[in-house]
Amino acid sequence: MKIDLFVDLNCEDETGYPWTYADQASDPSVVVKGRWLVVGSGSAVALAEVIDVGADGLVHVRPLPGPVSAQRLAAAGGGANSSTDGASRAPNAEGTIVVGT
């Protein structure tokens, strides 16, 4: 599975979210607030929402619990490889991503 943004998922700062820098992305232009990306490193991979991107390139992500499945990836638009169709994507209480406008 292609990782969109390399993040150490065990490294959280005072916000409580994992963090990295936008230049750690395979394509930094896709690292925008609200976007769902495949994040992680090595075998620790998750689907995560970009929470914020600072002016200095600092990025916080909110990973979903559980494995990255094909169904979850499709529901989120395929990570950074998806088109920007303007639809909002958010997980429901069960962690399933619901696609809406």
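Definitions and limits used
As a convention, each chain's residues are numbered from 1 in the sequence order in which they are written. Confidence filtering applies because this is a predicted model: local features only for residues at pLDDT of at least 70, side-chain atom pairs given and counted only at 80 or more, and all residues used for totals across whole chains, interfaces and linings. For side-chain calculations, the full set of non-hydrogen atoms in the structure is used, while hydrogens and water are omitted. The numbering of helices and of strands both runs from the N terminus, where a helix is a DSSP run of H or I of at least 4 residues and a strand a run of E of at least 2. The buried label goes to any residue with under 20% of its type's maximum accessible area, the exposed label to any with over 50%, and the partly exposed label to all in between, with areas taken from a 1.4 Å probe on protein chains only. What makes two residues a contact is simply this: any of their non-hydrogen atoms within 4.5 Å. We get accessible surface area from the Shrake-Rupley algorithm with a probe of 1.4 Å; when it comes to residues, only the shown protein chains can shield them. Classification of ring pairs uses Phe, Tyr and Trp, with its six-membered ring standing for Trp, and accepts pairs whose centres are within 6.5 Å; under 30 degrees between planes counts as stacked, over 60 as edge-to-face, and the remaining range as tilted. What makes two strands pair is DSSP finding at least two bridges between them. Working definition of a nonpolar core: buried Ala, Val, Leu, Ile, Met, Phe, Trp, Tyr and Cys residues. They are joined through side-chain atoms within 4.5 Å. pLDDT is a per-residue confidence score from the predictor, ranging from 0 to 100.

> How should the overall build of the protein be read in this particular structure?
Looking only at helices and strands, one finds 1 helix and 7 strands in the protein. Along the protein, from the amino end to the carboxyl end, the secondary structure elements read β-β-β-β-β-α-β-β. Put simply, the protein has 101 residues, and 37% of those count as buried. Long-range pairs, those at least 24 residues apart, make up 46% of the contacts in the protein between residues at least 6 apart in sequence. Approximately 5,500 Å² of the protein is accessible, and the part contributed by carbon and sulfur atoms is 53%.

> Got a minute to help me understand the environment of Ser43 in this structure?
Its location among the elements puts Ser43 in the loop between strand E3 (36-41) and strand E4 (44-53). Residue class for Ser43 comes out exposed when judged on its relative accessible area of 80%. In this structure the C-alpha to C-alpha distance between Ser43 and Met1, which are 42 residues apart in sequence, comes to 9.8 Å.

> I tried to follow the packing of aromatic side chains on my own but got confused; where do I start?
Here a ring pair, both rings aromatic, is described through the centre-centre distance and the interplanar angle of the planes. For the structure shown, the criterion picks out 1 aromatic pair. Where Trp19 meets Tyr21, the ring centres are 5.9 Å apart and the plane angle is 90°; that geometry is what we call edge-to-face.

> Hey, could you run me through the pairing of strand E5 (residues 58-63) in this one?
Put simply, side chains in a regular strand alternate between the two faces of the sheet. Relative to E5, strand E2 (residues 19-21) is paired through 3 bridges, and the arrangement is antiparallel. Bridging across to E5, Trp19 finds its partner in His60. As paired strands, E4 and E5 are joined by 5 bridges and run antiparallel to one another. Residue pairing across strands places Val50 opposite Val61, the latter belonging to E5. Hairpin connection between E4 and E5: a loop of 4 residues separates the two successive antiparallel strands, and Gly57 in this loop has a positive phi of roughly 90°.

> How should the sheet that holds E3 be read in this particular structure?
Backbone-to-backbone hydrogen bonds pair the strands of a sheet. The strands run either parallel or antiparallel. The mixed open sheet is built from 5 strands, whose spatial order is E1-E3-E4-E5-E2. Each end of this open sheet is capped by a strand with a single partner; those strands are strand E1 (5-6) and E2.

> Would you mind going over the nonpolar core with me for this structure?
The nonpolar side chains of soluble globular proteins are, as a tendency, buried together. Judged by nonpolar contacts, the single largest core of 13 residues is most densely connected at Leu5, Val31, Leu37, Val39, Val59 and Val61. A total of 3 residues in this core trace back to one element, the largest contributor, which is E4. Non-local contacts of Leu5, meaning those with residues more than four positions away in its chain, are made with Thr20, Tyr21, Ala22, Gln24, Ala25, Val31, Leu37, Val38, Val39, Gly40, Val59 and Val61.

> When you look at the confidence of the model for the protein in this model, what are you seeing that I'm missing?
Reading fine detail from the predicted coordinates is not recommended where pLDDT is low. Of all residues in the protein, 68% attain a pLDDT of 70 or more, and the chain-wide mean is 79. Every residue in residues 81-90 is under pLDDT 50, and counting partners more than four places away or in other chains gives 23 contacts. Across residues 92-101, confidence stays below pLDDT 50; counting only partners more than four residues off in sequence or on other chains, it has 25 contacts.

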